[in-house]
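Survey of secondary and tertiary structure
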Amino acid sequence: MRISLNWLRELVEIKLSPEELAETLTMAGFEVEEIEDRRTWANGVVIGKVLERQPHPNADKLSVCQVDIGTGETLNIVCGAANVKADIYVPVATTGTYLPKIDLKIKPAKLRGVPSQGMICSLKELGLPTDIDGIHIFTQENLPLGSDVRPLLGLDDVILDLTATANRADALSMVGVAREVAALTGGKLSILEPAEVSIPKNAGNLALKIADTQACPAYIGTVIEQIKIAPSPEWLQQRLRAAGVRPISNVVDITNYVLLEWGQPLHAFDGDRLKSVAGSENLSIGVRFVNNGESLKTLDGQTRTLASQNLLITANDKPVALAGVMGGEETEVHQGTQSLVLEAALFDSVAIRRSSRSVGLRSEASGRYERGVNRAELEIANRRALSLISELASGIIVQQEIADTRPDPSTWSRSIALRLDRVNQILGPIDLEEDTGELQKQDVERILTALGCQLTPSKEDSTHQPTWSVSVPPYRYRDLEREIDLIEEIARLYGYNKFCDTLPEKAEAGYLPLDEEVIRKLRAFLRAEGLTELIHYSLVKPGEDRNIVLSNPLFVEYSALRTDLISGLIDAFQYNLEQGNGALNGFEIGQIFWQEEDGLQETEALAGIVGGDRTLGKWSKSGREEPITWFEAKGILESVFRQLSLEIEFQPDRRDDRLHPGRTASLWIGGNRLGIFGQLHPQLRREKGLPDSVYVFQLDLDVLLDSLGEDEILVSTFQPYSTYPASDRDIAFFAPVKISVVEIEKVITKAGKDLLESVELFDEYRGENVPEGQRSLAFRLIYRASDRTLTEAEVEPVHNKVREALVEKFGVNLRS
């Protein structure tokens with residue numbers, strides 16, 4: 001918001017320079033982005049009177065003027081403006097004047113042979129907007145010649161471009177900024193509430209019909225007759241221009257002026273046009289949401305198709321304005337307006353925000369309603385506008401109707417308990433130059449009282465520290481809600497720079513949490529296996545079992561939360577194949593979500609997909625593709641688990657219908673299900689157009705992290721090795737196909753006890769000479785002791801126990 005210091009000085013006492021005030025506001029949380037010193041724009045420009053105007057002897061479009069600037073000497077000035085003439089008062093830039101807006105220094109010159117001793121200025125040359133193509137002509141009479149033009153043009157002012165944080169809706173007005181300046185500097189406030197306006201008691205043709213009182217808790221409609229539309233007085237136009245608002249006419253300018261002064265948006269309807277739209281002399285002004293198919297042509301000339309979230313102002317149920325956003329072109333005030341209906345209303349911030357966004361339109365009014373307008377000053381702003389309309393547009397008030405569903409005024413403030421010890425606990429010590437100290441009771445009371453709060457001391461608690469009940473003023477109701485808000489205000493006004501900077505005496509090196517350290521290592525291990533990390537959206541199409549569906553999705557395609565990572569990886573694999581990128585080998589770590597009977601669930605998962613030929617060059621294979629096998633894909637996971645020192649058990653699994661029923665395994669660790677690994681089902685592979693050898697896995701990251709001890713993963717531990725030779729034995733047998741190798745290895749390991757170092761399956765055979773329903777398996781067993789060379793007498797009894805255990809447990813038919 002652009003703040004005119006001349007205007008601000010009328011509301012609050014200011015003893016600081018513009019630069020000091022800007023620094024004070026910035027340190028208090030109001031960023032001053034620019035200081036626009038208008039005093040430099042016309043420094044050296046004075047009031048002059050054109051005594052005589054003659055055509056230039058050598059140029060058709062130039063004039064030679066004799067100009068009196070009150071020095072006793074008439075200046076000869078060559079002017080190119082078409083509107084220059086004798087007996088007018090004009091701004092004159094004398095010799096030596098610098099005009100920064102056009103980067104020109106006035107020097108004595110000759111124009112087509114005629115000397116010129118200055119320049120008669122237009123408003124554009126002085127940095128002011130204007131529709132006039134020519135020099136500026138003062139309308140006032142008997143102006144003092146040679147006096148400074150800046151007070152007449154509003155150029156004796158400094159403008160602060162101030163940005164308030166989103167929570168400070170009260171700072172979007174001159175009155176709000178004045179209150180803040182008074183609190184920061186101790187300056188005296190001079191905010192005068194407008195006098196009461198006489199409202200006739202007789203009934204009229206206006207009625208109000210508020211369909212949604214939550215969206216519009218208060219509405220004041222005032223009928224004003226005998227309006228005379230004219231340009232606003234110069235003082236009003238100057239204040240609007242300083243704020244960056246273009247003057248239009250007295251009525252429209254007044255509504256804009258009150259918006260800037262009090263932060264209350266107003267709108268003026270042309271009364272006769274309202275009746276024309278309504279089709280009746282009796283007007284019923286309504287507030288409701290849009291019905292299907294309605295549209296409105298707004299003041300910017302655009303016809304807008306409206307949505308159900310748009311809040312409308314209606315005349316006899318016909319749309320005439322977008323409530324809180326912009327008026328309609330059909331009922332706007334114009335040069336022939338003779339009667340008005342002035343709207344002063346409160347609208348719900350959420351309703352206006354949704355309405356504004358749905359039509360892609362933001363205005364000064366909507367920006368204030370979105371942040372929240374002070375409901376306690378609605379009548380004040382309305383009275384201010386009515387008094388100005390009566391004064392500047394000769395309006396006569398004939399009727400006023402009010403629809404008010406606001407809560408009782410006693411609820412417009414709130415009381416917050418504040419503790420001095422909590423203030424000091426949060427803010428810490430203050431810097432007293434040679435020493436440090438704490439905020440005192442009087443500091444807190446002085447600051448909060450300056451903000452407009454009322455403090456009532458409460459009974460001291462067990463700590464014997466002062467406590468207060470703080471009553472917040474209505475204009476800070478939306479901002480100050482809790483004790484911590486008051487503490488923030490105390491710090492802001494006392495000065496952030498006055499609190500001590502404290503650092504720990506000894507800095508400690510930072511470190512990653514164990515889980516994050518493990519996940520980073522896990523990512524590195526997977527990348528080392530040749531997998532690329534992938535990232536997908538957590539939002540997917542709905543339809544899956546146990547889906548969590550969003551209540552307000554942006555698109556139908558992204559209206560549910562994913563229940564697993566595998567589906568996204570399969571789609572990514574398919575997309576890369578279709579784009580000619582070949583097989584995608586990648587992994588992803590992300591959140592998955594699902595519904596249970598006891599509520600919504602969420603966990604972090606790790607998933608991956610591999611397929612195709614993983615080799616880069618095929619010259620050694622004569623260009624043939626060699627797709628990755630089930631065991632090679634499984635080996636990727638086993639390699640990662642080995643680096644994490646984890647013992648993982650693979651068990652047959654048929655639960656996921658996306659995976660091949662005979663080539664799928666569930667993964668287990670310490671009796672807990674870790675995840676699943678398997679080859680894609682042939683039917684799904686054909687539907688997606690994928691190659692035969694595509695494998696996927698998904699692991700529960702929480703289970704994996706719980707299984708890792710800190711020492712095991714972060715600290716490398718030396719494992720002693722034996723210097724004595726090993727003794728190996730082979731064992732072969734026929735075993736039922738239904739018995740998994742994992743089960744057999746468990747029995748062998750248990751029977752071998754301490755002497756057995758490793759078990760390895762090295763052969764499997766099915767076919768001729770093998771009984772039906774069985775397969776031939778051959779294992780190599782390695783026996784070793786750490787302190788001696790094993791003898792035959794030591795190995796053979798252990799090996800026989802292994803054989804006996806297999807026969808007893810599974811009934812195998814030993815072949816060796």
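A brief report on the enclosed structure follows. (Residues numbered from 1 in each chain as written. Predicted model: local features only at pLDDT ≥ 70, side-chain atom pairs only at ≥ 80, totals over all residues. Heavy atoms only, no water.)

1. Considerations on the overall build of the protein chain
Each helix and strand in the protein chain was counted, giving 21 helices and 42 strands. In terms of overall dimensions, the protein chain is more spread out than a globule: its C-alpha atoms have a radius of gyration of 42 Å, far above the 28 Å expected for 816 residues. With respect to the three principal axes, the spread of C-alpha positions in the protein chain is 135 × 75 × 70 Å. Within the protein chain, the proportion of its 816 residues that are buried is 46%. Taking contacts inside the protein chain between residues at least 6 apart in sequence as the whole, the part at least 24 apart equals 68%. Only carbon and sulfur atoms are counted for the fraction: they give 47% of the accessible area of the protein chain, which is about 42600 Å². (Helix = DSSP H or I, 4+ residues; strand = E, 2+ residues; numbered from the N terminus. Rg over C-alpha atoms; globule rule 2.2 N^0.38 Å. Buried < 20%, exposed > 50% of the residue type's maximum accessible area, 1.4 Å probe, protein only. Contact = heavy atoms within 4.5 Å. Areas by Shrake-Rupley, 256 points an atom, 1.4 Å probe, with all protein chains shown as cover.)

2. So, the nonpolar core
With 117 residues, the main nonpolar core has L8, I313, F347 and L418 as its most contacted residues. Ranked by residues supplied to this core, first place goes to helix α4 (residues 174–185) with eight residues. Not counting residues up to four positions away in its chain, the partners in contact with I313 are Y219, F269, I285, G286, V287, K318, P319, V320, A321, A323, E343 and F347. Core analysis: the second largest hydrophobic core is formed by 34 residues, I519, L531, F677 and Y695 among them. (Core = buried A, V, L, I, M, F, W, Y, C linked by side-chain atoms within 4.5 Å.)

3. Some remarks on the sheet that holds strand β1 (residues 2–4)
What the three strands build is an open sheet, ordered β1-β12-β2; its pairing is antiparallel. The open sheet has two edge strands, β1 and β2 (31–37), and neither has a second partner. Neighbour-to-neighbour, the strand axes of the sheet open up by a mean angle of 25 degrees, direction not taken into account. (Pairing = 2+ DSSP bridges. Axes fitted to C-alpha atoms, helices over the stretch in contact; angles between N-to-C directions.)

4. Remarks on the side chain of S249
By the element assignment, S249 lies in the loop between α5 (234–242) and α6 (250–262). The contacts of S249, once residues within four sequence positions are left out, are I229, A230 and S232.

5. With respect to the sheet that holds strand β15 (residues 266–270)
Here we have four strands laid out as an open sheet, ordered β15-β22-β14-β23, and antiparallel in their pairing. What marks the edges here is a single partner per strand, and that holds for β15 and β23 (396–404). Each neighbouring strand pair of the sheet contributes to a mean axis angle of 20 degrees, computed without reference to strand direction. Looking at chain direction, strand β14 (residues 218–225) and β23 are connected through eight bridges and run antiparallel. Note that in β23 the partner of G221 across the bridge is E401. Running over the sheet, helix α10 (residues 378–392) touches β14, β15, β22 (340–346) and β23 and is turned about 160 degrees from β22.

6. Digging into unusual backbone geometry
Of note, R112 is a non-glycine position whose phi angle comes to about 55 degrees, a positive value. Topologically, R112 is positioned in the loop between β9 (109–111) and β10 (114–116). Overall, the relative accessible area of 55% leaves R112 in the exposed class. A positive phi is found at Q226, a non-glycine position, where the angle reads about 60 degrees. When you line up the elements, Q226 lands in the loop between β14 and α5.

7. Notes on the pairing of strand β6 (residues 88–94)
Most of β6 sits inside the fold, with six of its seven residues counted as buried. Examined bridge by bridge, strand β3 (residues 45–55) and β6 share six bridges and lie antiparallel to one another. Bridge pairing in β6 places G48 opposite V90. Two elements, β6 and strand β11 (residues 118–120), share three bridges in a ladder whose sense is antiparallel. Each bridged residue has a counterpart across the sheet, and for T94 the counterpart in β11 is G118.

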